[in-house]
Amino acid sequence: MNRDELRARHRRFTMKVGFIGLGAMGSAMASNLIAAGHTVTVWNRSEAAAEKLASLGAKTVRTPDRAAQGDVLHSMLANDQAVREVFLDGALLDAMDPGTVHVNHATISVGLARHLAEEHAKRGLDYVAAPVFGRPDVAAAGKLNMLVAGQSAAIEKAKPLLDLMAGKLWPMGELPERANVVKLAGNFMIVTAIESLAEASTLVRAYDVNATDFIELMTSTLFASPVYQGYGKAIAEQRFTPPGFSLPLGLKDVMLAQEAGFAQQVPMPLAGVLRDSLLEGLADGAEGMDVAALARVSARRANLDRRSKG
């Protein structure tokens, strides 16, 4: 069934849906639910993002509890702190009706995933972890790779909505933390790939080889995959803004992967290297840049700019 057929089908079976967290990813994901004809109520700390979705047909509210009065509540918040503040410290879980399904798309720690599952269960709420792989343009196209873990009945209830946002659902079992640890492992691999691109392109540049030529060669032969191709192009063009996967979020995910590894006695020596490179990038003012800005870190370590001027 193609996307137009899915949307037509959903217009006959609409649901009341809430969506909390309207950054670049959340806004793109929620727009697909609106386009399918569902009644979507949205909340975001910054009202500007909510107003954009209102122009597409969403209902905006001033407090998160008003967005949680429906069949399914989706959330796409930035990190553990934001999730804790809204759902636990802000007592949002206490405001939700028993039987509501909360689908959390955020990339969070394994520990918080477990804690959220416990707190939802205490209140008779269903909890599904559904982190995603894909950038905002992929989200807007409804082609995300979405990891899904939780009780089967809860997943089945939310599945019609998930199908609108994802090109494919990847079941990870009943324990929500399984989806989250797979997401962290995947993001760790993404940052590892970017670091290798950064170091390799710096090496060839030191020998006056054009980085664009090198990256084109590698990403069309040995490393012909979306991660290498997408981030390789950004590195070749020195295009680090606007960020699709920001450097601070990359650091957050690498550190969460380290934390998960420590909890199960899994050594991750590469994670330490990535953490320090990302920290170095932040110290150099790359907070508003994409993780591809690791190329700046590598080039600075090698003093490439000074060499070229010399």
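Whatever comes next refers back to the structure up there.
Because the structure is a prediction, the values reported are computed rather than measured. (Residues numbered from 1 in each chain as written. Predicted model: local features only at pLDDT ≥ 70, side-chain atom pairs only at ≥ 80, totals over all residues. Heavy atoms only, no water.)

Draft legend 1. Local environment of the overall build of the protein. When helices and strands are tallied, the protein shows 16 helices and nine strands. Overall, the C-alpha framework of the protein stretches about 65 × 45 × 35 Å when taken along its three principal axes. Looking at the protein residue by residue over its 310 residues, the buried ones come to 48%. Residue pairs at least 24 apart in sequence account for 67% of intrachain contacts in the protein once pairs closer than 6 positions are excluded. In the structure as shown, the protein presents an accessible area of about 14,900 Å², 54% of it carried by carbon and sulfur atoms. Of the charged side chains in the protein, 33 are positive and 33 negative; the average position of the first set lies 3 Å away from that of the second. (Helix = DSSP H or I, 4+ residues; strand = E, 2+ residues; numbered from the N terminus. Buried < 20%, exposed > 50% of the residue type's maximum accessible area, 1.4 Å probe, protein only. Contact = heavy atoms within 4.5 Å. Areas by Shrake-Rupley, 256 points an atom, 1.4 Å probe, with all protein chains shown as cover. Lys, Arg positive; Asp, Glu negative; His and termini not counted. Charge placed at Lys NZ, Arg CZ, Asp CG, Glu CD.)

Draft legend 2. View of helix H3 (residues 47–54). Within H3, the full set of buried residues consists of Ala49, Ala50 and Leu53. Seen along its axis, H3 keeps its buried residues to an arc of 100°; they face one direction. Of the exposed residues in H3, the ones pointing more than 90 degrees away from its buried face are Ala48, Glu51 and Lys52. Structurally, H3 contributes buried residues whose contacts are with helix H2 (24–35), strand E2 (39–43) and strand E3 (59–60). (Arc of directions from axis to C-beta.)

Draft legend 3. Local environment of the pattern of salt bridges. Taken as a whole and assessed by the stated rule, the structure comprises 17 salt bridges. Among the ionic pairs, Arg123 bridges to Asp94, the shortest N-O distance being 2.6 Å. Pair noted here: Arg123 is in the loop between helix H7 (110–122) and strand E6 (126–129) and Asp94 is in helix H6 (residues 92–95), with a separation of 29 residues, a long-range link. For Asp284, the salt bridge identified is with Arg300, shortest N-O distance 2.7 Å. Here Arg300 lies in helix H15 (residues 294–301) and Asp284 lies in the loop between helix H14 (269–283) and H15, a separation of 16 residues in the sequence. On the basis of relative accessible area, Asp284 is assigned to the partly exposed category, the value being 36%. (Salt bridge = Lys/Arg side-chain N within 4 Å of Asp/Glu carboxyl O.)

Draft legend 4. Looking closely at the packing of aromatic side chains. Scanning all chains against the criterion turns up one aromatic pair. A ring pair is formed by Phe223 and Tyr228, whose centres lie 4.8 Å apart and whose planes are at 40°; its orientation type is tilted. Under the relative-accessibility criterion, Phe223 is labelled partly exposed at 36%. When the ring centre of Trp170 is taken as reference, the NZ or CZ atom of Lys168 above it lies at 4.0 Å. (Phe/Tyr/Trp six-rings, centres within 6.5 Å; stacked < 30°, edge-to-face > 60°. Lys NZ or Arg CZ within 6 Å of the ring centre and 35° of its normal.)

Draft legend 5. View of the pairing of strand E5 (residues 101–104). Along E5, one buried face is formed by Val101 and Val103 and the opposite face, lined by His102 and Asn104, is buried too. Of the pairings in the sheet, the one linking strand E4 (residues 72–75) to E5 comprises four bridges and is parallel in character. Across the sheet, residue His74 finds its bridge partner in E5, namely Val103. Bridge count for E5 against E6 is four bridges, and the pairing is parallel. Note that in E6 the partner of Val101 across the bridge is Asp126. (Pairing = 2+ DSSP bridges.)

Draft legend 6. Representation of the environment of Val128 within the structure. Here Val128 shows up in strand E6. For Val128, a relative accessible area of 0% gives the class buried. As for Val128 and Ala95, which are separated by 33 residues in sequence, their C-alpha atoms are 18 Å apart. The contacts of Val128, once residues within four sequence positions are left out, are Val101, His102, Val103, Asn104, Val148, Ala149, Ala154 and Ile155.

Draft legend 7. A look at the environment of Thr221. Within the secondary structure, Thr221 sits in the loop between helix H11 (211–220) and helix H12 (226–236). Among the polar contacts made by the side chain of Thr221, one reaches the main-chain carbonyl oxygen of Leu217 at a distance of 2.5 Å. (Polar contact = N/O pair within 3.5 Å; in protein donor to acceptor, adjacent residues only side chain to side chain.)

Draft legend 8. Inspection of the nonpolar core at higher detail. Among the nonpolar cores identified, the biggest contains 37 residues, and Phe19, Met29 and Met146 are the most heavily contacted of them. Broken down by secondary-structure element, the contributors of at least two residues to this core are strand E1 (16–20), H2, E2, H3, E5, strand E8 (144–150), helix H9 (152–165) and strand E9 (166–171). Looking at which element gives the most residues to this core, the answer is H9, with seven residues. Met29 has contacts with Phe19, Met76, His105, Val132, Ala139, Leu144, Met146 and Met165, leaving out every residue within four places of it along the chain. In this structure, Val204, Tyr228, Phe245 and Leu247 belong to the second largest nonpolar core, which totals 35 residues. (Core = buried A, V, L, I, M, F, W, Y, C linked by side-chain atoms within 4.5 Å.)

Draft legend 9. Summary view of unusual backbone geometry. With an omega of -5°, the peptide bond between Thr241 and Pro242 qualifies as cis. By the secondary structure assignment, Pro242 is in the loop between H12 and helix H13 (247–263). Unusually for a residue other than glycine, Asp208 sits at a positive phi of about 65°. Residue Gln265 is not a glycine yet carries a positive backbone phi of 55°. Secondary-structure assignment places Gln265 in the loop between H13 and H14. For Gln265, a relative accessible area of 73% gives the class exposed.

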